[in-house]
Amino acid sequence: QVQLVESGGGLVQAGGSLRLSCAASGRSFVGYTMGWFRQAPGKEREFVARINWSTGTTLYQDSVKGRFTVSREIAKDTVYLQMNSLKPEDTAVYYCAARLLSTREYNYWGQGTQVTVSS
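Residues numbered from 1 in each chain as written. Predicted model: local features only at pLDDT ≥ 70, side-chain atom pairs only at ≥ 80, totals over all residues. Heavy atoms only, no water.

**Some remarks on the environment of Gly 26**
Okay, so step 1: Along the chain, Gly 26 falls in the loop between strand E3 (18-25) and strand E4 (32-39).
Okay, so step 2: Judged by its relative accessible area of 56%, Gly 26 is exposed.
Okay, so step 3: In this structure, the C-alpha to C-alpha distance between Gly 26 and Arg 72, residues 46 residues apart in sequence, is 17 Å.
Okay, so step 4: Dropping the residues within four chain positions of it, Gly 26 is found in contact with Gln 1 and Val 2. (Helix = DSSP H or I, 4+ residues; strand = E, 2+ residues; numbered from the N terminus. Buried < 20%, exposed > 50% of the residue type's maximum accessible area, 1.4 Å probe, protein only. Contact = heavy atoms within 4.5 Å.)

Take a look at the structure:
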(Lines give C-alpha, C1' and ligand atoms only; values in the text may rest on other atoms or scores of the structure.)
Protein backbone atom coordinates (compact mmCIF):
# COMPACT_ATOMS: atom_id res chain seq x y z
CA GLN A 1 0.00 0.00 0.00
CA VAL A 2 1.02 3.62 -0.34
CA GLN A 3 3.23 4.95 2.43
CA LEU A 4 4.50 8.46 2.98
CA VAL A 5 7.10 8.82 5.71
CA GLU A 6 8.31 12.25 6.77
CA SER A 7 11.59 12.97 8.51
CA GLY A 8 13.89 15.88 9.22
CA GLY A 9 11.87 17.85 11.75
CA GLY A 10 13.39 19.25 14.91
CA LEU A 11 14.12 22.31 17.01
CA VAL A 12 15.81 25.29 15.34
CA GLN A 13 16.35 28.93 16.22
CA ALA A 14 14.63 31.69 14.31
CA GLY A 15 16.53 32.42 11.11
CA GLY A 16 17.74 28.85 10.84
CA SER A 17 17.04 26.15 8.28
CA LEU A 18 15.66 22.63 8.14
CA ARG A 19 15.09 20.20 5.29
CA LEU A 20 12.13 17.86 5.54
CA SER A 21 12.02 14.65 3.54
CA CYS A 22 9.03 12.54 2.50
CA ALA A 23 9.85 9.02 1.39
CA ALA A 24 7.06 7.71 -0.84
CA SER A 25 6.43 4.06 -1.63
CA GLY A 26 3.76 1.64 -2.75
CA ARG A 27 3.01 2.89 -6.26
CA SER A 28 4.21 5.10 -9.06
CA PHE A 29 3.50 8.76 -8.42
CA VAL A 30 3.40 9.75 -12.08
CA GLY A 31 0.22 11.78 -12.43
CA TYR A 32 0.26 12.83 -8.79
CA THR A 33 0.77 16.07 -6.94
CA MET A 34 2.79 15.86 -3.75
CA GLY A 35 1.90 18.42 -1.13
CA TRP A 36 3.25 19.70 2.16
CA PHE A 37 0.81 20.85 4.82
CA ARG A 38 1.24 22.00 8.40
CA GLN A 39 -0.86 22.23 11.53
CA ALA A 40 0.02 24.45 14.46
CA PRO A 41 -1.48 23.89 17.93
CA GLY A 42 -5.06 25.11 18.05
CA LYS A 43 -5.15 25.88 14.34
CA GLU A 44 -6.49 24.15 11.27
CA ARG A 45 -4.19 22.32 8.91
CA GLU A 46 -3.00 24.59 6.12
CA PHE A 47 -1.41 24.15 2.72
CA VAL A 48 2.28 25.01 2.49
CA ALA A 49 3.54 23.94 -0.93
CA ARG A 50 3.06 21.36 -3.65
CA ILE A 51 4.93 19.89 -6.59
CA ASN A 52 3.79 18.02 -9.68
CA TRP A 53 5.68 14.74 -9.49
CA SER A 54 6.11 14.47 -13.25
CA THR A 55 6.79 18.07 -14.33
CA GLY A 56 8.27 19.56 -11.16
CA THR A 57 5.87 22.50 -11.29
CA THR A 58 5.52 24.08 -7.85
CA LEU A 59 3.08 26.25 -5.92
CA TYR A 60 3.55 27.94 -2.53
CA GLN A 61 1.51 29.56 0.18
CA ASP A 62 2.24 33.28 0.19
CA SER A 63 3.75 33.29 3.67
CA VAL A 64 6.52 30.85 2.69
CA LYS A 65 7.37 32.15 -0.78
CA GLY A 66 11.04 32.98 -1.05
CA ARG A 67 11.85 31.02 2.12
CA PHE A 68 10.69 27.46 1.39
CA THR A 69 11.51 25.31 -1.63
CA VAL A 70 9.76 22.07 -2.54
CA SER A 71 11.56 19.58 -4.76
CA ARG A 72 11.54 15.91 -5.61
CA GLU A 73 14.13 13.29 -6.38
CA ILE A 74 12.42 10.78 -8.65
CA ALA A 75 15.16 8.15 -8.41
CA LYS A 76 14.68 8.04 -4.64
CA ASP A 77 10.89 8.50 -4.62
CA THR A 78 11.42 11.35 -2.20
CA VAL A 79 9.98 14.84 -1.87
CA TYR A 80 11.79 17.55 0.04
CA LEU A 81 10.83 20.79 1.71
CA GLN A 82 13.82 23.06 2.25
CA MET A 83 12.90 25.67 4.85
CA ASN A 84 15.13 28.71 5.28
CA SER A 85 14.79 31.88 7.35
CA LEU A 86 12.48 30.05 9.71
CA LYS A 87 10.19 32.06 11.97
CA PRO A 88 8.47 31.09 15.24
CA GLU A 89 5.16 31.14 13.37
CA ASP A 90 6.42 28.28 11.20
CA THR A 91 6.20 26.03 14.27
CA ALA A 92 3.84 23.16 13.43
CA VAL A 93 3.55 19.50 12.59
CA TYR A 94 4.39 19.18 8.91
CA TYR A 95 2.67 16.56 6.78
CA CYS A 96 3.41 15.14 3.37
CA ALA A 97 0.44 14.20 1.20
CA ALA A 98 -0.35 12.94 -2.29
CA ARG A 99 -3.30 13.26 -4.67
CA LEU A 100 -4.06 12.56 -8.26
CA LEU A 101 -3.80 15.64 -10.48
CA SER A 102 -7.44 15.09 -11.49
CA THR A 103 -8.75 15.33 -7.94
CA ARG A 104 -8.88 18.02 -5.26
CA GLU A 105 -8.59 15.80 -2.22
CA TYR A 106 -5.31 14.47 -0.93
CA ASN A 107 -5.95 10.82 -0.20
CA TYR A 108 -2.54 9.73 1.06
CA TRP A 109 -0.96 11.27 4.14
CA GLY A 110 2.16 10.78 6.18
CA GLN A 111 2.29 10.70 9.96
CA GLY A 112 3.84 14.15 10.30
CA THR A 113 7.06 15.56 11.67
CA GLN A 114 7.34 18.28 14.31
CA VAL A 115 9.11 21.53 13.48
CA THR A 116 9.71 23.93 16.35
CA VAL A 117 11.25 27.36 15.79
CA SER A 118 12.41 29.20 18.89
CA SER A 119 12.66 32.97 19.08
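After that view of the structure, there is still more to cover.
**A closer look at the pairing of strand E8 (residues 78-83)**
Okay, so step 1: By the criterion of burial, E8 is predominantly enclosed, with five of the six residues buried.
Okay, so step 2: Pairing analysis gives six bridges linking strand E7 (residues 68-73) to E8, with the strands arranged antiparallel. Across the sheet, residue Glu 73 finds its bridge partner in E8, namely Thr 78.
Okay, so step 3: Adjacent in sequence and paired antiparallel, E7 and E8 are bridged by four residues, among which Asp 77 carries a positive phi angle near 50 degrees. (Pairing = 2+ DSSP bridges.)

**Points about the nonpolar core**
Okay, so step 1: Counting residues in each nonpolar core, the largest one holds 30 residues, and the members touching the most others are Phe 29, Met 34, Trp 36, Leu 81, Met 83 and Tyr 94.
Okay, so step 2: Going through the elements one at a time, E3, E4, strand E5 (46-52), E7, E8, strand E9 (92-100) and strand E11 (113-118) are the ones with two or more residues in this core. (Core = buried A, V, L, I, M, F, W, Y, C linked by side-chain atoms within 4.5 Å.)

**So, the packing of aromatic side chains**
Okay, so step 1: One pass over the full model with this rule turns up seven aromatic pairs.
Okay, so step 2: Ring centres 5.5 Å apart and planes at 75 degrees place the aromatic pair Phe 29 and Tyr 32 in the edge-to-face group. In terms of burial, Phe 29 and Tyr 32 fall into one category: buried.
Okay, so step 3: The ring centre of Trp 109 lies 3.8 Å from the NZ or CZ of Arg 45, which sits over that ring. (Phe/Tyr/Trp six-rings, centres within 6.5 Å; stacked < 30°, edge-to-face > 60°. Lys NZ or Arg CZ within 6 Å of the ring centre and 35° of its normal.)

**As for the pattern of salt bridges**
Okay, so step 1: As enumerated under the stated definition, the model contains four salt bridges in all.
Okay, so step 2: A salt bridge links Glu 46 to Arg 38; the nearest nitrogen and oxygen atoms lie 2.6 Å apart.
Okay, so step 3: Here Glu 46 falls in the partly exposed class, since its relative accessible area comes to 32%.
Okay, so step 4: Looking at Arg 38, the relative accessible area reads 6%, which means it is buried.
Okay, so step 5: Salt-bridge contacts for Asp 90 lead to Arg 67; the nearest nitrogen and oxygen are separated by 2.7 Å. Residue Asp 90 is found in the loop between E8 and E9, and its partner Arg 67 is found in the loop between strand E6 (58-60) and E7; the two are separated by 23 residues along the sequence. Residues Asp 90 and Arg 67 agree in their burial class; the two are buried.
Okay, so step 6: Within the structure, one salt-bridge network assembled from shared partners comprises Arg 38, Glu 46, Arg 67 and Asp 90. (Salt bridge = Lys/Arg side-chain N within 4 Å of Asp/Glu carboxyl O.)

Limitation: the analysis is restricted to geometry and does not speak to function.
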